[in-house]
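# Observations on the model geometry
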Amino acid sequence: MMKEIRTIPFITGDGVGPEITPACQAVTNAAIQKAYKGSRTIEWLEVQAGESSFQSNGEWLPEETLEAFRKYRIGIKGPLTTPVGGGDPFPECNPAANA
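Okay, so let's go over this structure. (Residues numbered from 1 in each chain as written. Predicted model: local features only at pLDDT ≥ 70, side-chain atom pairs only at ≥ 80, totals over all residues. Heavy atoms only, no water.)

Another aspect to go through is the overall build of the chain. Secondary structure summary: the chain contains three helices and three strands in total. In the chain, the succession of helices and strands from N to C terminus is β-α-β-α-α-β. Expressed as a percentage of its 99 residues, the buried residues of the chain come to 28%. Per element, the accessible surface of the chain, about 6,600 Å² overall, is 56% carbon and sulfur. (Helix = DSSP H or I, 4+ residues; strand = E, 2+ residues; numbered from the N terminus. Buried < 20%, exposed > 50% of the residue type's maximum accessible area, 1.4 Å probe, protein only. Areas by Shrake-Rupley, 256 points an atom, 1.4 Å probe, with all protein chains shown as cover.)

Below you can see the structure in the form of structure tokens.
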């Protein structure tokens, strides 16, 4: 039996993101294991956005991150810092905005 592996990009997030994102991944991994009995797994691909991204490369939402979400057509993100000035700086990552 060949194991099916799906890649899911994820943005850890800012603030509590580093605490809750691993928990979200663990729950998702356990659900996949239970549902598919080891025949499917997730390969997590970390991508950058938010304050940590801005501090490391000067971009709140790098094009590489958007491209990963486009390529894999799925992803998860932790909570992100919103720059002063209002509005959603990440509309491309907001499922409600893309419904």
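One recurring pattern in soluble globular proteins is that nonpolar side chains are buried together. Among the nonpolar cores identified, the biggest contains eight residues, and these are Ile11, Val47, Ala49, Leu61, Leu66, Ala68, Phe69 and Leu80. Looking at which element gives the most residues to this core, the answer is helix α3 (residues 63-72), with three residues. If sequence neighbours within four positions are ignored, Ala68 has contacts with Pro9, Val47 and Arg73. (Core = buried A, V, L, I, M, F, W, Y, C linked by side-chain atoms within 4.5 Å. Contact = heavy atoms within 4.5 Å.)

Turning our attention to the pairing of strand β1 (residues 4-11). Two elements, β1 and strand β2 (residues 40-46), share seven bridges in a ladder whose sense is parallel. Bridge pairing in β2 links Ile8 to Trp44. After leaving β1, the chain enters helix α1 (residues 17-36) and then returns to the sheet as β2, a path that is right-handed. Two strands pair when backbone bridges link them, and β1 and strand β3 (residues 76-77) are joined in this way by two bridges, in the parallel orientation. Looking at β3, one finds that Ile11 is bridged to Lys77. (Pairing = 2+ DSSP bridges. Right-handed = clockwise from strand over helix to strand, strands pointing away.)

This brings us to unusual backbone geometry. Notably, Lys37 is not glycine yet its phi reads approximately 50°, a positive angle. Note that Lys37 resides in the loop between α1 and β2. Overall, Lys37 belongs to the exposed group, its relative accessible area being 66%.

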